[in-house]
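Examination of the molecular architecture
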Amino acid sequence: MRLAVNIDHIATLRNARNEYDPDPAEAALLAEKSGAAGIVCHLREDRRHIRDLDLQRLRQVVTTKLDLEMAMTEEMQAIALRTKPELVTLVPENREELTTEGGFNITRHFNALTEYIKPFRDASIAVSIFIEPDERAIELAGKAGADIVELHTGIYSLKETDQEREKELKKIRHAARFARSLNLEVVAGHGLNYKNSAPFAAIEEIEEVSIGHAIIARAAFTGLESAIREMIKLLGGEG
Ligand code: PXP
């Protein structure tokens, strides 16, 4: 199980003062040194955390894998093709949301999606789609030409009892198996933290989890390196 670290909230903190610290590119370097298998950032339409210059600098320093989360817009497509991250993740984006809410509505966007994905394939940039753990959505992602599906774990992460969590995990396990049967790579993320991530270590079909908020929040107390190593251990790694 690999850990990709989302560093958006390093930029949120930097933007609180609108100056230079803490620097997302420096965080990316430290995250890689601490064992992160990839760096994730979300360039939002309103640039509320990561900004264009951050993305350019991240591209210069990241040596593992840069995953650009983005809305399916022409502007973002042009930026991504210019920046050449290893991977883009298509996410729904609503202006007023605090964080990404729910998976990408693949049924609604299916016709446009195939065309949208083509230039990424031509540029050898892998495409991931953030979707609900649902067979139909997974099938459409594969048909549209995605390489990877990121299963949305937000509903799982909000459940309060073991029984409810197990029910959601069952759906996620089933979806992961189904996606693998279609030859899609499977990753998962959203709302995962130090209390709810461990069961993912046992889901063989899920190769990576993408975690941001919980790691950056813990880093405020223990430092980024320690926060990342602790999460890697929880996921069954050496830490
Ligand atoms: N995956 C996707 C697609 C996301 O949009 C986010 C939030 O930016 C994450 C993973 C990470 O979520 P969290 O910050 O809750 O760990």
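Only a predicted model underlies this, so the values are computations on that prediction, with no experimental measurement involved.

**Observations regarding the overall build of the protein chain**
Assigned secondary structure in the protein chain consists of 10 helices and eight strands. Against the globule reference of 18 Å for 239 residues, the protein chain gives a C-alpha radius of gyration of 17 Å, in line with a compact fold. Taken over the C-alpha atoms alone, the protein chain extends approximately 45 × 40 × 30 Å along its principal axes. The buried share among the 239 residues of the protein chain stands at 50%. Here the analysis covers contacts within the protein chain between residues at least 6 apart in sequence; of these, 65% occur between residues at least 24 apart.

**What about the packing of helix H6 (residues 135-144) against helix H8 (residues 162-181)?**
Relative orientation of the contacting elements H6 and H8 amounts to 25°, with a least axis distance of 10 Å. On the basis of the axis angle, H6 is roughly parallel to H8. H6 and H8 meet at a crossing whose hand is right-handed. Of the residues in H8, those in contact with Glu135, Ile138 and Glu139 of H6 are His174, Ala175, Phe178 and Ala179. Taken together, the residues that form the contact of H6 with H8 break down as four nonpolar, one polar and two charged.

**Quick notes on the pattern of salt bridges**
Enumeration over the complete set of coordinates arrives at 19 salt bridges. Among the ionic pairs, Glu205 bridges to Arg177, the shortest N-O distance being 3.5 Å. One end of the pair, Glu205, is in the loop between strand E7 (185-189) and strand E8 (206-211); the other, Arg177, is in helix H8, with 28 residues separating them in the sequence.

**Some words on the site of the ligand**
Around the ligand sit 13 residues, and of these Thr100, Glu150, Gly191, Gly212 and His213 come closest. Contacts to the ligand include Glu69, whose side-chain N or O atom sits 3.0 Å from an oxygen atom. Taking Glu150, its side chain carries an N or O atom lying 2.5 Å from a nitrogen atom of the ligand. For the ligand, whose free accessible area comes to 390 Å², the fraction covered by protein is 94%. Its residues assigned to classes, the shell around the ligand shows three nonpolar, eight polar and two charged.

**Observations concerning the environment of Asp134**
Counting through the fold element by element, Asp134 comes out in the loop between strand E5 (126-131) and H6. A sequence separation of 52 residues divides Asp134 from Arg82, and the C-alpha atoms of the two residues are 32 Å apart. For Asp134, the side chain forms a polar contact with the main-chain nitrogen of Ala137, separated by 3.0 Å.

Rules used in this analysis
Residues numbered from 1 in each chain as written. Predicted model: local features only at pLDDT ≥ 70, side-chain atom pairs only at ≥ 80, totals over all residues. Heavy atoms only, no water. Helix = DSSP H or I, 4+ residues; strand = E, 2+ residues; numbered from the N terminus. Rg over C-alpha atoms; globule rule 2.2 N^0.38 Å. Buried < 20%, exposed > 50% of the residue type's maximum accessible area, 1.4 Å probe, protein only. Contact = heavy atoms within 4.5 Å. Axes fitted to C-alpha atoms, helices over the stretch in contact; angles between N-to-C directions. Parallel < 35°, antiparallel > 145°, perpendicular 65-115°, else oblique. Left-handed = near helix turned anticlockwise from the far one by under 90°. Nonpolar A, V, L, I, M, F, W, Y, C, P; charged D, E, K, R; others polar. Salt bridge = Lys/Arg side-chain N within 4 Å of Asp/Glu carboxyl O. Near = heavy atom within 4 Å. Polar contact = N/O pair within 3.5 Å; in protein donor to acceptor, adjacent residues only side chain to side chain. Areas by Shrake-Rupley, 256 points an atom, 1.4 Å probe, with all protein chains shown as cover.

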